[in-house]
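Residue-level structure breakdown
Below, each chain spelled out in residue letters.
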Amino acid sequence: MPSRNSSSRPILLGIVGDSAAGKTTLTKGIAQVLGEENVTVICTDDYHRYDRKQRAEMGISALHPDCNYLDIIQQHLGLLRTGQPILKPIYNHSTGMFDPPEYIEPRRFVIVEGLLGYSTRVARDSFDVKAYLAPPEELRGQWKIKRDMRKRGYTEEQVWEQLRQREPDSEQFIRPQRQWSDIVVTFYPAEDNKGDTDLLLNVRLVLRPTIPHPDFTAILAPERSHLSSAIRLELDRDMGKPVDVLELDGHATGEQVRELEKILCQDAPYLGQFCSLEGNTEIGKLVGTTGETLQSYPLALTQLLITYHMLKAAKVYE
Ligand SMILES: Nc1ncnc2c1ncn2[C@@H]1O[C@H](COP(=O)(O)OP(=O)(O)OP(=O)(O)O)[C@@H](O)[C@H]1O
Ligand SMILES: O=C(CO)[C@H](O)[C@H](O)COP(=O)(O)O
């Protein structure tokens, strides 16, 4: 990637969504394409105001704005955007407590993922690109159980109970943030996908006209009608506003995906080298049910599209 012009500021990507909506999974592939050495990743869970025990005593959920230092998130986003360092708190999910803060200097790209990134105007105005993750609630529940049992020491009953208790805050504070995003990402199982087959999930990408998206209309050309069995582009409305919707099915063939990626990559040549799953073993990776690593075309496409926007914002054209 061309080196950073000394006068250019870091480019900020927001990835917002409810707990276990897939933010970290999406972030990983984007950071790998941009080059880990060019990317700073920040999780806003670190800005919780109370530790796990205090939250339980107070009967407040981590999703509530009062449970987070939103003012300090805003302040830190402003500093990162202008290339300045921050002293970031650390919330440790293994212990449920806070570790000593860490000194962070922003690299060329900063990915900020978390629960409440778009809940204040100052915070959302800090981002160059805003993505929101909105899997169906049933799928998110399955993902959260799997992840919280494996990595955070919860039992299945505890996760279900937490989901139930948090639902009012999800509805009031998390889901409305969808309206502020440039791209809404929904992974969902196809109707005939009854098993636990994460690899075959489809993706629905809602593209708002708030940023200029690649021109996908070439998909609709008669000579590309063979794409329509797995790829769709339609006009729709999202939260009352007109949007484009691009869908890619998990059962798409490598050939169909390559054609779609070619359209995406043609005016961002730097991306070209990542435009084939065969040539790039890192993109589209996710952890399957038994901890095994899988590679998904819909996830890879989503990561490429978001990376495209980061490169455009950074004016990287080669
Ligand atoms: N696109 C996807 N396809 C299949 N499984 C996925 C996908 N995204 C996430 N998952 C599953 O969901 C789990 C939770 O995802 P992830 O850790 O990325 O969520 P998160 O939004 O970062 O969560 P939190 O904010 O609570 O830390 C992952 O461990 C993975 O098993
Ligand atoms: O919604 C969440 C985002 O990851 C977590 O539940 C929240 O950050 C609190 O963490 P923990 O459950 O580990 O105390």
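You'll find the structure just up there.
Here goes a summary of the coordinates provided. These numbers come from a predicted model, not from an experiment.

1. Here we look at the site of ligand 2
- S19, D45, H48, R52, R55, A62, Y91, H93, L115, R152, Y154 and R166 make up every residue found near ligand 2.
- A distance of 3.4 Å separates an oxygen atom of ligand 2 from a polar side-chain atom of R55.
- Residue R166 places a side-chain N or O atom 2.6 Å away from an oxygen atom belonging to ligand 2.
- Computed on the free molecule, ligand 2 has an accessible area of 360 Å², of which 98% lies beneath the protein chains in the complex.
- In terms of residue class, the shell around ligand 2 is built from 4 nonpolar, 3 polar and 5 charged.

2. What to know about the nonpolar core
- Grouped together as the largest cluster of nonpolar side chains are 56 residues, with contacts concentrated most on L205, F216, L246 and L248.
- Considering each element in turn, this core owes the most residues, 10 residues, to helix α9 (residues 297–313).
- Once residues lying within four places of it in the same chain are set aside, the contact partners of L205 are I183, V184, V185, D244, V245, L246, L301, T302 and L305.
- Membership of the second largest hydrophobic core comes to 26 residues, among which are V16, L116, F127 and V243.

3. Observations regarding unusual backbone geometry
- A positive phi is found at A20, a non-glycine position, where the angle reads about 65°.
- Note that A20 resides in the loop between β1 (11–17) and α1 (23–34).
- A residue is classified by how much of its surface remains accessible, and A20, at 11% relative accessible area, is buried.
- Phi is positive for M239, close to 50°, though the residue is something other than glycine.
- The class for M239 is partly exposed, based on a relative accessible area of 48%.

Cut-off values and rules
- Residues numbered from 1 in each chain as written.
- Chains lettered and ligands numbered in written order.
- Predicted model: local features only at pLDDT ≥ 70, side-chain atom pairs only at ≥ 80, totals over all residues.
- Heavy atoms only, no water.
- Near = heavy atom within 4 Å.
- Polar contact = N/O pair within 3.5 Å; in protein donor to acceptor, adjacent residues only side chain to side chain.
- Areas by Shrake-Rupley, 256 points an atom, 1.4 Å probe, with all protein chains shown as cover.
- Nonpolar A, V, L, I, M, F, W, Y, C, P; charged D, E, K, R; others polar.
- Core = buried A, V, L, I, M, F, W, Y, C linked by side-chain atoms within 4.5 Å.
- Buried < 20%, exposed > 50% of the residue type's maximum accessible area, 1.4 Å probe, protein only.
- Helix = DSSP H or I, 4+ residues; strand = E, 2+ residues; numbered from the N terminus.
- Contact = heavy atoms within 4.5 Å.

Spatial relationships are all this shows, so hold off on functional conclusions.
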